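Structural overview for review
One letter stands for each residue in the lines below.
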Amino acid sequence: MIGGSRTPLALAITASCYCIIALLPVHTSANDNLRVAYQWKEIDFEFPSAAERQEAIASKRYVPENVIPVGLEVYKKRLFLTLPRWKEGIPASLGYINLNETTTQSPRLHPYPSWSAHKRTSGETEAPEIVSPFRIRADRCGRLWVLDTGVEELLGNTTVTSPTSLLVYDLHNDNLLRRYQFPADHLKENSFYANIAVEDTDCDDTFAYAADLGSPGLVVYSWKQQESWRVKHHFFHPDPLAGNYNITGINFQWDDGLFGIALKPQSDGYATLYFHPLSSLNEFSVSTKVLRNQTYATDASNFHEFKVLGSRGPNGQAGVAFVDQKTGVIFYALPNLNAITCWKTSNRAYTIKSLGRVYMSTVDMVFPNDVKVDDESNLWVLSDRLHQYMYESLNRNDVNFRVLTATVKDAIQNTACDTNIKPLPDIITNLGDILRPSTSTVAPKVGSSGVGHFTTSGAMALLSMTAVLLASNYCHRI
């Protein structure tokens, strides 16, 4: 305080964000740059013939209203969707569309890798090659990792058709490279593996991570060793205070544990695994250096290797998450808010203010269920009204399923995750250097512009104006 009044700089810094925005002509509308690329009222398939389609409907092998997409992946020019067997009548539980050939917003799906992979053999007694996957991951080595729960009719006559397994396909020719069945000690009473992340820095020494939300735990699978181990931790469990969901007027309670897992490679050859239970508001992390060491990963002495990052705040339960490798931005699906949000992993703070709103809509984004970034830096999001499918019924005359997309750059523009915006505290610190008295006895040199040095009042005025402009942008990024 000088002479009993605040300096312009102090006024600029202490002004509330709302006052700044009110005073300045700043564009304040939300970003929401995603566009709907595909949408369906119901999912249909490319059957071999019209007759076979009719036969599938007549025999109830295909019940259109029972098919719902849950997981999404994009690799090269194919977009994959998982179609778990929640109910009867799912003719194929994994399908794809060709991004080059599609001329409609509601294309029919091709079964992946073929129709035969989804059909029972030996007189309908043996399980099909693929039973019921929820999430999939295409790695940089051209492999598609399919986490198959092996469970049919979750919302009906629940049947465990086959043990939970990892199926890995060669995306160059769609051949099955490997099937790995989870050992019995990985499958607890309430186990349900619904999400997967793949650490693919080394194609020959790849690691896959599978999240068990029913009996909270994490399975680590080594491609090279062809074995796996199960990791336990307190942070994998749900928060009993975060189990209430209210989406488009439908209220329900879930106690799901570990679900969201996302990897960011680090310079030490390992990666940071960001994770959270579904019924939780908090975000956590651990280095895969811990997880990849079977002895240490399964020992209780590793407890403090797992870190608490912070909270997303009220209604901040997050489903899936995915890190964009180029920007280091992690994207989250927030079902309770019908929104996609983001966070810069380089940000030391994890709070509501450090999260950016990417997209929010009670029409296009009702229950966001999967998020991915492809190798061309495009963000892809699947919304599917899962809660309505589970607890009421979908209206066959409405658009129920949507795939939205945008470039990562456009998606995070003007949000807290925008990599082109420097954090305000850093800028203020740098500009503050102008005002610090010099200890040098040498007179300042005249620059190329012919200007010598700022006067104190001039510097203060410039700095206060800059601070206000920067603060208005900084405060509004979410």
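The rules we used
Residues numbered from 1 in each chain as written. Predicted model: local features only at pLDDT ≥ 70, side-chain atom pairs only at ≥ 80, totals over all residues. Heavy atoms only, no water. UniProt positions renumbered as here; feature names shortened; annotations may be inferred. Helix = DSSP H or I, 4+ residues; strand = E, 2+ residues; numbered from the N terminus. Buried < 20%, exposed > 50% of the residue type's maximum accessible area, 1.4 Å probe, protein only. Contact = heavy atoms within 4.5 Å. Polar contact = N/O pair within 3.5 Å; in protein donor to acceptor, adjacent residues only side chain to side chain. pLDDT = per-residue confidence, 0-100. Salt bridge = Lys/Arg side-chain N within 4 Å of Asp/Glu carboxyl O. Phe/Tyr/Trp six-rings, centres within 6.5 Å; stacked < 30°, edge-to-face > 60°. 1 Å grid on protein atoms, 1.4 Å probe; cavity = no way out; pocket = protein on both sides within 12 Å on 5 of 7 lines; lining within 4 Å. Points joined across faces, edges and corners; volume = space filled by probe spheres on them. Nonpolar A, V, L, I, M, F, W, Y, C, P; charged D, E, K, R; others polar. Pairing = 2+ DSSP bridges. Axes fitted to C-alpha atoms, helices over the stretch in contact; angles between N-to-C directions.

As recorded in an unreviewed UniProt entry, the chain goes by Protein yellow and comes from Anopheles stephensi. UniProt annotates the chain under Sequence similarities (unreviewed entry) with the comment "Belongs to the major royal jelly protein family." What the UniProt record of the chain gives under Function (unreviewed entry) is the line "Controls the pigmentation pattern of the adult cuticle and larval mouth parts."

1. Re the environment of Thr-407
With respect to the helices and strands, the residue Thr-407 is situated in strand E28 (residues 401-407). Note on Thr-407: relative accessible area 30%, which makes it partly exposed. Along the sequence, Thr-407 and Ser-377 sit 30 residues apart, while their C-alpha atoms lie 6.0 Å from each other. Excluding anything up to four places from it in sequence, Thr-407 contacts Ser-377, Asn-378 and Leu-379. Looking at Thr-407, its side chain comes within polar contact range of the main-chain nitrogen of Asp-410, at 3.0 Å.

2. Quick word on the confidence of the model for the chain
Averaged over all residues, the pLDDT of the chain equals 86, while 81% of them reach at least 70. Here residues 1-29 is modelled with pLDDT under 50, and outside its nearest four sequence neighbours on either side it reaches 33 contacts, counting other chains as well. Within the model, pLDDT remains below 50 along residues 426-478, and this stretch shows 64 contacts once partners closer than five positions in the same chain are excluded.

3. Here's the deal with the pattern of salt bridges
Tallying each qualifying case throughout the model produces 17 salt bridges. The shortest N-O distance in the salt bridge between Arg-357 and Asp-32 comes to 2.8 Å. Pair noted here: Arg-357 is in strand E25 (residues 355-360) and Asp-32 is in the loop between helix H2 (17-23) and strand E1 (35-40), with a separation of 325 residues, a long-range link. On the basis of relative accessible area, Arg-357 is assigned to the partly exposed category, the value being 29%. Note that Asp-44 is salt-bridged to Arg-108, the shortest N-O span being 3.4 Å. Of the two residues, Asp-44 sits in the loop between E1 and helix H3 (50-58) while Arg-108 sits in the loop between strand E4 (94-98) and strand E5 (110-111), which places them 64 residues apart along the sequence. Residue classification places Arg-108 among the partly exposed positions, given a relative accessible area of 42%.

4. Observations regarding the packing of aromatic side chains
Applying the stated criterion across every chain yields a total of 32 aromatic pairs. Ring plane angle 45° and centroid distance 5.5 Å describe the contact between Phe-47 and Tyr-62, whose orientation is recorded as tilted. In this pair, Phe-47 sits in the loop between E1 and H3 while Tyr-62 sits in the loop between H3 and strand E2 (71-75), placing the two residues 15 residues apart along the sequence. Tyr-62 sits in the buried class, given a relative accessible area of 2%. Here Tyr-245 and Phe-252 contribute two aromatic rings whose centre-to-centre distance is 5.4 Å and whose plane-to-plane angle is 5°, an arrangement assigned as stacked. A residue is classified by how much of its surface remains accessible, and Phe-252, at 4% relative accessible area, is buried. Site record: aromatic cluster; members linked through ring pairs are Trp-145, Tyr-180, Phe-182, Tyr-193, Tyr-221 and Trp-223.

5. Section: the layout of surface pockets
Of the pockets and cavities examined, the second largest pocket occupies roughly 640 Å³. Forming the walls of the second largest pocket are 34 residues, and the residues nearest its centre are Arg-137, Asp-200, Phe-322, Gln-325 and Val-373. Taken together, the residues of the lining of the second largest pocket sort by class into 17 nonpolar, 4 polar and 13 charged.

6. A word on the sheet that holds strand E20 (residues 282-287)
What the 4 strands build is an open sheet, ordered E18-E19-E20-E21; its pairing is antiparallel. At either end of the open sheet lies a strand with only one pairing partner, and these are strand E18 (258-265) and strand E21 (307-311). Going from strand to strand, the sheet's axes swing by 25° on average, the running direction of each strand aside. Alignment of strand E19 (residues 271-277) against E20, held across 4 bridges, turns out to be antiparallel. The residue bridging Thr-272 from the neighbouring strand is Ser-287, located in E20.

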